[in-house]
Amino acid sequence: MPLPSPAPPLRSAAARRQVSRKSLVLSVLVVLLGGLVAFTAGQMLTAHTEVLAVARDVAVGSRITADDLTVASVPSDPHLSPIPATEQSRVVGAFAQVPLVRGGLLTRSQVGADSGLAAGELLVALPLKDGQFPARGLTAGQRVLIVATPGSSGAAAGGAVQPSTEATVAGVGAANPTTQVTVVDVRLREDDGPTVAQLASTGNLALILLPAGS
């Protein structure tokens, strides 16, 4: 007489259910962990820091005021080194070592403890149009000759051509898209400052680039 077949083991079904629950829990944990990693990476990539930016144009050699500065929030980038917004109180009262353009981020090399002018020097702004300075452009440190030119009447300012004046380019601003005027800041002797400033107001002048070392 054959023996009756054994009943299906109850523990096997329970064990399968337990394994299924573990797999489900493990899958959920993997998904949550992946989401957490993605979120953390996203936060790192989009991390922002508050830094100082230029609120309005500042001429080279000018003392920086609180109104010249604003705070910008920019993505963290190891290739950028703007001044943190927390150092604003230290920057106010410093001098612009280069022309500061509205909207630009402020870096430490752009500010200093003095105006950058030597004793007996003045800084004069020259508003110039194309044809009044070399087409190749000018850069800080270059030596130039400031020359009076005839006006629309064919005569130089003051009725006679004034002697040329040597100066050093301190900075070059961006060309104004409306007026097409480029402001070039020059350093020159204190005695020449008023005369050159008066000449600049007439617009009857030109800059000649001098050879290096002259």
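Values in this document were obtained by computation on a predicted structure and should not be read as measured data.

Q: Looking at this structure, how should I read the overall build of the protein chain?
A: Within the protein chain one finds three helices and nine strands. Buried residues in the protein chain amount to 29% of all 214 residues. Here the analysis covers contacts within the protein chain between residues at least 6 apart in sequence; of these, 67% occur between residues at least 24 apart. As presented, the protein chain carries roughly 13900 Å² of accessible surface, and 60% of it is formed by carbon and sulfur atoms.

Q: Just checking my understanding: could you explain the pattern of salt bridges for this structure?
A: Opposite charge on two side chains allows them to pair when their charged atoms are near. Counted according to the given criterion, the structure contains five salt bridges. Across the pair Asp68 and Arg56 runs a salt bridge, and its minimum N-O distance is 2.6 Å. Pair noted here: Asp68 is in the loop between strand 1 (48-54) and strand 2 (69-75) and Arg56 is in the loop between strand 1 and strand 2, with a separation of twelve residues, a long-range link. For Glu121, the salt bridge goes to Arg187, with nearest N and O atoms at 3.2 Å. Separated by 66 residues along the polypeptide, Glu121 in strand 5 (residues 121-128) and Arg187 in strand 8 (residues 182-189) bring together distant segments of the chain. The partly exposed category is assigned to Glu121, whose relative accessible area is 23%. Here Arg187 falls in the partly exposed class, since its relative accessible area comes to 25%.

Q: What should I look at first to understand the environment of Gly103 in this one?
A: Its location among the elements puts Gly103 in the loop between strand 3 (95-96) and strand 4 (111-112). In sequence terms Gly103 and Asp57 are 46 residues apart; their C-alpha atoms lie 8.7 Å from each other.

Q: I'm lost on the sheet that holds strand 8 in this one. Help?
A: Think of a sheet as strands paired side by side through backbone hydrogen bonds, with each pair either parallel or antiparallel. Reading across the sheet, the five strands line up as 5-8-7-6-9 and stay open at both edges, with antiparallel pairing between neighbours. Only two strands of the sheet have a single neighbouring strand rather than two, namely strand 5 and strand 9 (205-209). Between one strand axis and the next, the sheet turns by 40 degrees as a mean value, whatever way the strands run. As paired elements, strand 5 and strand 8 share eight bridges and run antiparallel to each other. Its bridge partner being in strand 8, Glu121 is matched across the sheet by Arg189. The strands touched by helix 3 (residues 193-202) within the sheet are strand 5, strand 6 (143-148), strand 7 (165-172), strand 8 and strand 9, with strand 5 carrying the most contacts at an inclination of about 10 degrees.

Q: Mind showing me how you'd approach the nonpolar core here?
A: Nonpolar side chains in soluble globular proteins tend to end up buried together. Core analysis: the largest hydrophobic core is formed by 18 residues, its most contacted members being Leu126, Ile146, Val186 and Leu207. When contributions to this core are tallied by element, the ones reaching two or more residues are strand 5, strand 6, strand 7, strand 8, helix 3 and strand 9. Setting aside its immediate chain neighbours within four residues, Leu126 contacts Ile146, Thr182, Val183, Val184, Val186, Val196, Ala200, Leu205 and Leu207. Within the second largest apolar cluster, 13 residues are counted, among which are Leu52, Ala85, Ala94 and Ala96.

Definitions and cut-offs
Throughout, a residue's number is its position along its own chain's written sequence, starting from 1. At least 70 in pLDDT is required for a residue's local features to be given in this predicted model, at least 80 for side-chain atom pairs to be given and counted, and no such filter applies to totals for whole chains, interfaces and linings, which use all residues. The side-chain quantities take in all heavy atoms of the structure and omit both hydrogens and water. Numbering of helices and strands runs from the N terminus, with a helix taken as a DSSP run of H or I at least four residues long and a strand as a DSSP run of E at least two residues long. Note on exposure labels: buried denotes an accessible area under 20% of the residue type's maximum, exposed denotes more than 50%, and partly exposed covers the range between, all computed with a 1.4 Å probe on protein chains only. Contacts between residues were defined by any pair of non-hydrogen atoms, one from each residue, lying within 4.5 Å. Surface exposure here means Shrake-Rupley accessible area, sampled with a 1.4 Å probe, where a residue is shielded only by the protein chains that are shown. For salt bridges, the criterion is a side-chain nitrogen of Lys or Arg within 4 Å of an Asp or Glu carboxyl oxygen. Being paired, for any two strands, means DSSP has found at least two bridges between them. Only the stretch in contact is used when a helix axis is fitted, and all axes are lines through C-alpha atoms; the angle between N-to-C directions ranges over 0 to 180 degrees. By nonpolar core is meant a set of buried Ala, Val, Leu, Ile, Met, Phe, Trp, Tyr and Cys residues that side-chain atoms within 4.5 Å join together.

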